[in-house]
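Residue-level structural notes
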Amino acid sequence: MATYQEFIQQNEDRDGVRFSWNFWPSSRLEATRLVVPVSCLFTPLKERPDLPPVQYEPVLCSRANCKAVLNPLCQVDFRAKIWACNFCFQRNPFPPSYAGISEVNQPAELMPQFSTIEYIVQHGPPTPLIFLYVVDTCLEEEDLQALKESLQMSLSLLPPNALVGLITFGRMVQVHELSCEGIAKSYVFRGTKDLSSKQIQEMLGLTNSAPLGQQGRPLVPQDAAAFCRFLQPVHRVDMNLTDLLGELQRDPWPVPQGKRPLRSTGVALSVAVGLLEGSFPNTGARVMLFIGGPPTQGPGMVVGDELKTPIRSWHDIQKDNARHLKKATKYYEALANRSAVNGHSIDIYACALDQSGLLEMKCLSTLTGGHIVMGDSFNTSLFKQTFQRVFSKDYNGDFRMAFGGVLEVKEMGVGGTNQWKVCSLTPSTTLGIYFEVVNQHNAPIPQGGRGAVQFVTQYQHSNTQRRIRVTTIARNWADAQTQIQHIESSFDQEAAAVLMARLGVFRAESEEGPDVLRWLDRQLIRLCQKFGQFNKDDPASFRLSESLSLYPQFMFHLRRSPFLQVFNNSPDESSYYRHHFVRQDLTQSLIMIQPILYSYSFHGPPEPVLLDSSSILPDRILLMDTFFQLVIYHGETISQWRKAGYQKMAEYENFKQLLQAPLDDAQELLHARFPMPRYIDTEHGGSQARFLLSKVNPSQTHNSLYTWGQETGSPILTDDVSLQVFMDHLKKLAVSSST
Amino acid sequence: MSQQGYVAAPPYSQAQPGMGGYQGGFGTGPAQPLYGHYGGPPQAFTTPPAGMLKSPASSAAGMPPPPVSSQYSPNVQQNGAHPQRYPSPPAVYGQPTQSPYNSMASRGPPPSQQLTNEMSALNLGNYGPGPMQSPPPPISSVAHQPFQTPPPPAMGQPQMLPGSQSLNMSPQMSSSQSPQASMSMTSPQMPGPPMAGVGRPFPGPPPPGPGGFQQPGPPGYPQQAGQFGGHMAGPQPGMPGAFPGAPGSLAGPPQKKLDPDSIPSITQVIEDDQAKQGGQVLTTNIRGQVPPLVTTDFTVQDQGNASPRFIRCTTYCLPCTADLGKQCQVPLASIIKPFASLPKNETPLYVVSHGDTGPIRCNRCKAYMCPYMRFIDGGRRYQCGFCSCVNEVPVFYFQHLDHMGRRVDLYERPELSLGSYEFVATLDYCKNNKPPNPPAYIFMIDVSYNNIKSGLVKLICEELKTLLEKLPRYTQEDVGFVTYNKVLHFYNVKSALAQPQMMVVSDTAEMFVPLLDGFLVNYQDSRAVIYNLLDQIPDMFADTNESETIFAPVIQAGVEAFKAAECSGKLFIFHSSMPTAEAPGKLKNRDDKKLVNTEKEKILFQPQKGVYEQLSKDCVAQGCCVDLFLFPSQYVDLATMADVPSHTGGSIYKYSNFQVETDGEHFLRDLRKDVQKSIGFDAVMRVRTSTGFRATDFFGAIHMNNTTDIEMAAVDCDKAVTVEFKHDDTLNEENGAFLQCALLYTTINGQRRLRIHNLSLNCSSQLLELYKSCETDSLINFFAKSAYRAILNQPLKNVREILVNQTAHMLACYRKNCASPSAASQLILPDAMKVFPVYMNSLMKTAPMLGSTELSTDDRAHQRLSVMAMGVEDTQLLLYPRLLPLHNMDVSSDILPAPVRCSEERLTDCGMFLLENGHSMFLWLGQAIPPDLIQSIFNVPSLAHLQGDMCALPELDNVLSKKVRSIISGLLDKRPNSMKLQIVRQKDKPEMLFRQFLVEDKGLYSGASYMDFLCYVHREIRQLLT
């Protein structure tokens, strides 16, 4: 029998699903007692090169409130050509096209290896992808130039039939008409006036000839092109648009001394959303917002144009001093919701040294499945490559993006259907789904029964096909009274850590930081109390089983992570980190919680080492991956050698190789990562070394005298507790009889 | 002026008797009351009145002359002696009082000997008043006047009533020389007795028609004669002989019907004035000097009073008291055209700088340094002529006084010696204390379906290419372009661009300017891009089917653009239809013919309040002038649409049912004229007066935020402001009255300047003086504007009644107080006002004043608004069109053929006439016009071959054709607006259009003929008198 590890891995590979518990408690009460909720991380569009989509429509359960899709778990009566829905037990006849089925001639969806299956459905004509660039022109010349080049480059990456549009903004908002010959035309909006979607469409002249929009029926692309002058097929306006971008000037309105440029981001987005809403509802579309600073006027304003008033900090927010925060957030949320309803996603590419209002605007992306990319300048490889990667293609040459996704979850024994709209999905988009067991304690599910969950994801593939991916999962129910050890051993601590972290981050959005930490601590303690083995009031006796052993450590690092700690982070940075944390898959999420540290030395091949200050040694090169940053750290000795130039001497070829090794590894990581991490090359004593020092477990600090002077690592100057101290406290609390 | 025309009310019949009357009249001393001093003579005169009437011309004419002569002599003598002495009346008028300026000289001349010199001055000087006013009218009147006025104390002989001209209804008419002559003859007789000795006694004094008659005697007279024109000449020579004959003739002719030639004729008055004062130099060194008519060619030499081109007054002699003013009901008003263009031979205004501290001003009333400041205390202080406050002379400005008490540098400083000049304004006079930017011009073209279809857009775009070259150099530096239908398109035409860029603004609710850099550009630098744009605009919208337009947001956009560029400027809006698109200022059709002739008719003239009202304010605040070119095919609610232009010093042009072929050239001429007008921007004008009276009401394309500051976004050379004055206190005859009009504005090249016009007027406690100093053209300008304003608030009927009543009252007052007693049946008109009734009648027949459903509401509103900004020349021409006979002119001469009276009777079947009133131009062709005439003008064999809608004459190589075309183009050049030439054939349907301009005839839609009106007025007068 495979270990749980193998089972979990296999499940993840096949279905993109990881449950916190792989045995499910059979009643609600039991479920709550498990502390970590029954939940899963689900990657709806996990890349499955080995999974060819089938070219027909799924068969649905005929019960109106069920509509579950036929799956391998259904009981089939081949003779009667009837199948029983495993969710509602409805017996359904097969459709006529299934007349030929038999035990030996089964459709793919009944085969166990197709617990995940993808259907291609033909619903009307394919709709083109839509890319609407919304570009801030209040940029430094150099930045604008770089951005223009990136945008021009991106045109070549788009499929020829994709529709593109361009909105630029500064003090005013300009919607560029792309279809025209001769004079370049644009529609201009005042940057200070909030307009309704209807007004925007009227002002753009979209109302007269807009018969669409009803019933969300997508348009025929030819019609669409003819109809909307602002969104045109790339192949047709390629040259025009390239020229237009080339001629794009910085916002011409003068910026007086001591002022910020007037940036009408709010109105620009409103126009973008309104434009798409009016012309292409329920069609896959991406609004790509490029900003070089915070919105400074009009609705959605984050900070005024007076430079002497700095943009809000966490301090201001905690003191309730952020004047525009609530209003702006509300404004962007409303926009995000409208956008989501229509299946349009919004990306934010914010490149500025100071904050640019991501805190207020992040909802645009989080609610619509858009990307957020944050950098210092558009003229950095971080931005350029990340942006390029947005358009990366999969093994089939299709974009790694999907639009207009709708995820449905059908759960055995619940009968309820839950739907979420995820406007844009990438293969790595991973959702955390939390279940509730609704069975009452006194009516337990029969032992040995299996619970089933079906995920139905409808989406528009980047090649414009409509597809439905169905994943059906089953897990055994277990009585928590009698089978607690089964349940315990079915615990997926990695998934659980990520899921709990997501809950924590979710809470952190609305609650004070310390409250979240306390809640997290309490959950941890309760979990330890539930599953730890110990004698009351004897911390030393505390033990955790293997399936839970790493969990407390994850929690320790989570507590220190930027997802929950705002110290030293701006509100924008926090938003950015959290945004990515809640959408990456399990592996990436874990890296974010607990960065990976590799050590390179002459002593052997590179090895992962503890994320601990004791790992920082003079003769090592360390490579730390926090997801957002890649830090290469040269130990003191290595650094001296390097400065001395040994690597350039033929006789020290090996040193040169040693220096090169982490660089190569880093390159590899860089290539796979989205968004591009910040790449930091530093050394002992270097200012940038702080990135490493802030992450490692401060096992040695200026306070821990007992290690002082030993050559076993670098003390960290911090008051943070070390993992050791944390564990000690945890044990004490867990075994304490008073709690 | 003393002339009085006697017009018998029942005229026609009485005419004959009149004759007799005259004589009698002479005998009696009508003037007595007034001229009491004069003594006996007057009495004699008085008598005449009664009977005179009869055939007008003759009788009238006849009578006056003699008297004149007699008077003259007296006058002369007096003059020579002491002008003042003169009959008090005359004195008042003119010279006497003027003491300072008038300089003896002027008077002097009048006196007997130098009649010649006086020619011009005469009027002024002698009878002062009299002459000015044009004696012309009824010759007969002349005669009478003398009687009435008789004043010439010295002489003892009868004097004419100075101011008044009375007509016999018929008499005057100078039209036909011969008759007049006879007239004069008669008069002589009458006067004869009294004046005999003198010869022309009476005639002389009162410019009365006598002019002609008088001439013989007093040198001065001749001039007067001039006014009458040919007549004069004729008579004079004949005078002597004539007299005798005259009577006879008079008697003979007596007819039953009043001869139209016998009632005062405008053409005659004009001709006479031209003959008398044409080509002369008018030296403005005399207080209360009455200038020549607006139609007369003369040259002005500024010697301390503003040229009449800048300021004209309804009267140059104010009544001393408010009561007196009320009694005569003659409105006191000035028509100020601060930017009037000057002929080449007159000196442009000097610019004076008083350094960093700005122009020197009176500390109390803030009047600017001017010739009316009196330097005292050895030149260390000066007393303000307006408020009498004594001010210190700033050190840098100090200058010694000469033995006359005048500053030594008097003639080196324009502000001390001239009536008009400019000051350089300092930063204190600038908005925000920053020097202004040069004004900008923005062209805003309606590109909705109508304008595209009519070909207008293409036409404009083509024209703009050359037009821009013609812009004043400085405005070429800031030009911008906007097109619009129900959204606006701004264009970025920055010189660096390869292609213009269009920026569409559809947020019409809150207009804004989408770009700064590249919108207002230097034409020279951006020429290539602008040409590119102008080439593309017609194509870009060629397929448009957008027929809805906006309007208020278009103007708002212009204002915002100027705001952003921190400058003032002008918007040229080329618009087609009523703005019905959903936007601020949206209008609906509220044209309701049912309202015509009801209490509510005024609604048709009232602009819609709200958006446009506020817009006007915004425009004026920013110095944004709006010129509106309208191309409507139906009702557009012009009253509202033109509200902004008419409050911002803009012009309104309207081309109904515009077609490129027929109206294109007409429109382009207007446009070219318009852009080249000299103009000042962001202007504030203030009219200050000396103590005793003040400006109370203002008419024009202006905006008033308070009761004194006249704000104008711009003011060009054709815009005039009419200012009404009221008494505050008693005026002093000796001191006279002063006006100072100060206009603060920004020049076309962005300099801030103050333009100052000063004018001094006389004051008198004698009404006669007032009547003598009246100017009919100015009066009618005032009446037109006040009536046109009144119709906003009152039913037309009331307004018309008021006009007639006031006319009657003014004349009755004259009759009662200034004219010699005469039979009630006689109509006696002051000489200076003798053609007033024609104009008044014409005014009441203008479209706005006529409650006729046949007239388009927009046209009525258009005319109403256009008139509000007109100067005296324009209203004169509008109310009395020029009718030129072209069929019998001397093609070799450079002179225009003499205009004939605007009456159908003057047309002949075989004739060809050109009629123009500054807005319309007709070439009328008689039915029996000789084919060779047609051939040489139109190059077609006969009238029947003529094509219907021709808008220009073919260019043919023959003298007649050349002459006609040169006349037409000459007129077009001269007028502020271009006119569309319409060719009408007698008896053709379009002739109706033409006919409505024959203002002496019965109106087409209603309205009395001149004759009927005169009778009506006379009846009113009689009622008032009884």
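Cut-offs and rules
Residues numbered from 1 in each chain as written. Chains lettered and ligands numbered in written order. Predicted model: local features only at pLDDT ≥ 70, side-chain atom pairs only at ≥ 80, totals over all residues. Heavy atoms only, no water. Helix = DSSP H or I, 4+ residues; strand = E, 2+ residues; numbered from the N terminus. Rg over C-alpha atoms; globule rule 2.2 N^0.38 Å. Contact = heavy atoms within 4.5 Å. Areas by Shrake-Rupley, 256 points an atom, 1.4 Å probe, with all protein chains shown as cover. Domains from an automatic or database assignment. Buried area = accessible area lost by both parts, 1.4 Å probe. Salt bridge = Lys/Arg side-chain N within 4 Å of Asp/Glu carboxyl O. Polar contact = N/O pair within 3.5 Å; in protein donor to acceptor, adjacent residues only side chain to side chain. Nonpolar A, V, L, I, M, F, W, Y, C, P; charged D, E, K, R; others polar. Pairing = 2+ DSSP bridges. Axes fitted to C-alpha atoms, helices over the stretch in contact; angles between N-to-C directions. Buried < 20%, exposed > 50% of the residue type's maximum accessible area, 1.4 Å probe, protein only. UniProt positions renumbered as here; feature names shortened; annotations may be inferred. Core = buried A, V, L, I, M, F, W, Y, C linked by side-chain atoms within 4.5 Å. Parallel < 35°, antiparallel > 145°, perpendicular 65-115°, else oblique. Left-handed = near helix turned anticlockwise from the far one by under 90°. Expected span 1.5 Å × (residues − 1). Phe/Tyr/Trp six-rings, centres within 6.5 Å; stacked < 30°, edge-to-face > 60°.

**Examining the overall build of chain A**
Looking only at helices and strands, chain A has 21 helices and 27 strands in total. Over its C-alpha atoms chain A spans a radius of gyration of 28 Å, differing by no more than 12% from the 27 Å that the globule rule assigns to 739 residues. Along the longest, intermediate and shortest principal axes, the C-alpha atoms of chain A span 80 × 80 × 60 Å. Put simply, of all contacts in chain A between residues at least 6 apart along the chain, 73% involve residues at least 24 apart. Put simply, chain A shows about 31100 Å² of open surface, and 51% of that area lies on carbon and sulfur atoms.

**Quick notes on the domain arrangement of chain B**
Residues and elements named next belong to chain B. Annotation of chain B at the domain level lists domain 1 (304–437 + 678–774), domain 2 (447–677), domain 3 (775–880 + 1006–1025) and domain 4 (881–998). Centre-to-centre, using C-alpha coordinates, domain 2 lies 34 Å away from domain 4. Every contact between the two is made by nine residues of domain 2 and, on the other side, eleven residues of domain 4. Across the interface of domain 2 and domain 4, roughly 800 Å² is buried in total on both sides, 45% from carbon and sulfur atoms. Considering only the surface of domain 2 that becomes buried against domain 4, Thr662, Arg669 and Lys673 emerge as the three largest contributors, covering 57% of it. Across the contact surface, domain 2 and domain 4 share one salt bridge. Here Lys980 and Asp663 are joined by a salt bridge, their closest N and O atoms 3.0 Å apart. Across the domain 2-domain 4 interface, the total number found is eight residue pairs in polar contact (both at pLDDT 80 or more). Per-element tally for the side of domain 2 that touches domain 4: the top contributor is helix H26 (residues 660–676), with seven residues. Partitioned by chemical class, the residues of the side of domain 2 that touches domain 4 number one nonpolar, two polar and six charged.

**Focus on the environment of B:Asp259**
Mapped onto the fold, B:Asp259 is located in the loop between helix H16 (235–251) and helix H17 (266–277). Counting along the chain gives 633 residues from B:Asp259 to B:Ser892, while the straight-line C-alpha distance between them is 34 Å.

**Quick look at the sheet that holds strand E24 (residues 604–609) of chain A**
All names here are of chain A. Strand order in this open sheet of five strands is E24-E23-E25-E26-E27, and the pairing throughout is mixed. Looking at which strands have only one partner, the edges of the open sheet turn out to be E24 and strand E27 (678–683). Each strand axis lies, on average, 15° off the axis of its neighbour in the sheet, ignoring direction. In this sheet, strand E26 (residues 629–634) lies alongside strand E25 (residues 621–625) in antiparallel orientation, the contact comprising five bridges.

**Looking at unusual backbone geometry**
Generally, phi is negative for residues other than glycine and the peptide bonds are trans, each holding for most cases. Here A:Phe674 and A:Pro675 are connected by a cis peptide whose omega angle stands at -5°. Tracing the backbone shows A:Pro675 in the loop between helix H19 (653–672) and E27. We note that B:Lys987 has phi near 75°; this positive angle belongs to a residue other than glycine. Summarising the element assignment, B:Lys987 is placed in the loop between strand E31 (980–985) and helix H35 (991–995). Residue B:Lys987 is classed as exposed on the basis of its relative accessible area of 58%.

**Looking at the UniProt feature "domain: Zinc finger Sec23/Sec24-type" (unreviewed entry) in chain A**
Here the UniProt-annotated "domain: Zinc finger Sec23/Sec24-type" (unreviewed entry) positions come out as residues 58–98 of chain A. Helix makes up 0% of residues 58–98 of chain A and strand makes up 22%, while its end C-alpha atoms are separated by 11 Å.

**Focus: the nonpolar core**
A:Phe189, A:Phe455, A:Tyr551, B:Phe481, B:Phe574 and B:Phe667 are the most contacted members of the largest nonpolar core, which totals 169 residues. Other than its neighbours up to four places away in sequence, B:Phe574 contacts B:Phe443, B:Met444, B:Ile445, B:Asp446, B:Asn451, B:Ile460, B:Tyr484, B:Phe629, B:Phe631, B:Phe667 and B:Leu671. The next biggest cluster of nonpolar side chains, apart from the first, holds 110 residues, and it includes B:Cys313, B:Val721, B:Leu767 and B:Phe782.

**Some thoughts on the interface of chain B and chain A**
When the parts of a complex come together, some accessible area is lost, and that lost area is often used as the size of the interface. With 23 residues of chain B in contact, the opposing surface of chain A contributes 18 residues. Of the roughly 1800 Å² buried where chain B meets chain A, counting both sides, 59% is carbon and sulfur surface. The tally of links from chain B across to chain A stands at three salt bridges. Two residues, B:Glu510 and A:Arg190, come together in a salt bridge whose shortest N-O distance is 3.9 Å. Taken together, the elements giving at least two residues each to the side of chain B that touches chain A come down to strand E16 (501–505) and helix H22 (527–540) of chain B. Looking at the side of chain B that touches chain A residue by residue, the class counts come to 16 nonpolar, four polar and three charged.

**A closer look at the sheet that holds strand E21 (residues 693–699) of chain B**
All names here are of chain B. Spatial strand order, E5-E7-E24-E21: four strands in an open sheet with antiparallel pairing. Edge strands, defined here as strands with exactly one partner in the open sheet, are strand E5 (311–313) and E21. Across this sheet, the average inter-strand angle for adjacent strands is 25°, counted without regard to direction. Across three bridges, E5 lies against strand E7 (residues 333–336) in antiparallel orientation. Each residue of the ladder has a partner; that of Cys313, found in E7, is Ser334.

**Quick notes on the packing of helix H13 (residues 493–510) of chain A against helix H17 (residues 586–593) of chain A**
Residue and element names in this part refer to chain A. One way to put it is that H13 packs onto H17 with a least axis distance of 10 Å and a crossing angle of 70°. The angle between H13 and H17 places the two elements in the roughly perpendicular class. For the element pair H13 and H17, the recorded crossing hand is left-handed. Residues Glu494, Ala495, Ala497, Val498 and Ala501 of H13 form the contact with H17, whose participating residues are Leu586, Ser589, Leu590 and Ile593. Looking at the contact of H13 with H17 residue by residue, the classes come out as seven nonpolar, one polar and one charged.

**Some details on H26(B)**
Between its first and last C-alpha, H26(B) extends 22 Å over 17 residues, near the 24 Å set by a 1.5 Å rise per residue. Along H26(B), the positions that sit buried rather than exposed are B:Thr662, B:Asp663, B:Gly664, B:His666, B:Phe667, B:Leu668, B:Asp670, B:Leu671, B:Lys673, B:Asp674 and B:Val675.

**Points about the packing of aromatic side chains**
Tallying each qualifying case throughout the model produces 70 aromatic pairs over all chains. An angle of 80° between the planes, with centres 4.8 Å apart, marks the rings of A:Tyr646 and A:Tyr652 as edge-to-face. With a relative accessible area of 29%, A:Tyr646 lands in the partly exposed category. Aromatic pair B:Phe339 and B:Tyr745: ring centres 4.8 Å apart, planes at 85°, arrangement edge-to-face. Of this pair, B:Phe339 sits in the loop between E7 and strand E8 (351–352) while B:Tyr745 is found in strand E25 (residues 737–746), placing the two residues 406 residues apart along the sequence.

**Brief notes about the domain arrangement of chain A**
Residue and element names in this part refer to chain A. You can read the domains of chain A as domain 1 (4–122 + 399–488) and domain 2 (135–205 + 225–390). Computed from C-alpha coordinates alone, the two centres of domain 1 and domain 2 are separated by 38 Å. Residue-level contacts link nine residues of domain 1 with 18 residues of domain 2. For the pair domain 1 and domain 2, the summed buried area comes to about 990 Å², and 60% of that belongs to carbon and sulfur atoms. Connecting domain 1 to domain 2 are zero salt bridges. Counting across the domain 1 and domain 2 interface gives three residue pairs in polar contact (both at pLDDT 80 or more). Residue assignment for the side of domain 1 that touches domain 2 shows that the elements contributing at least two residues are strand E16 (402–411) and strand E17 (417–425). Top contributing element to the side of domain 1 that touches domain 2 by residue count: E17, with three residues. Within the side of domain 1 that touches domain 2, the residues separate by chemical class into four nonpolar, four polar and one charged.

**Quick notes on the environment of A:Ala31**
Residues and elements named next belong to chain A. Mapped onto the elements of the fold, Ala31 is located in helix H2 (residues 28–33). Distance from Ala31 to Thr718, taken between C-alpha atoms, is 39 Å for residues 687 residues apart in sequence. Setting aside anything within four residues of it in sequence, one finds Ala31 in contact with Pro25 and Val437.

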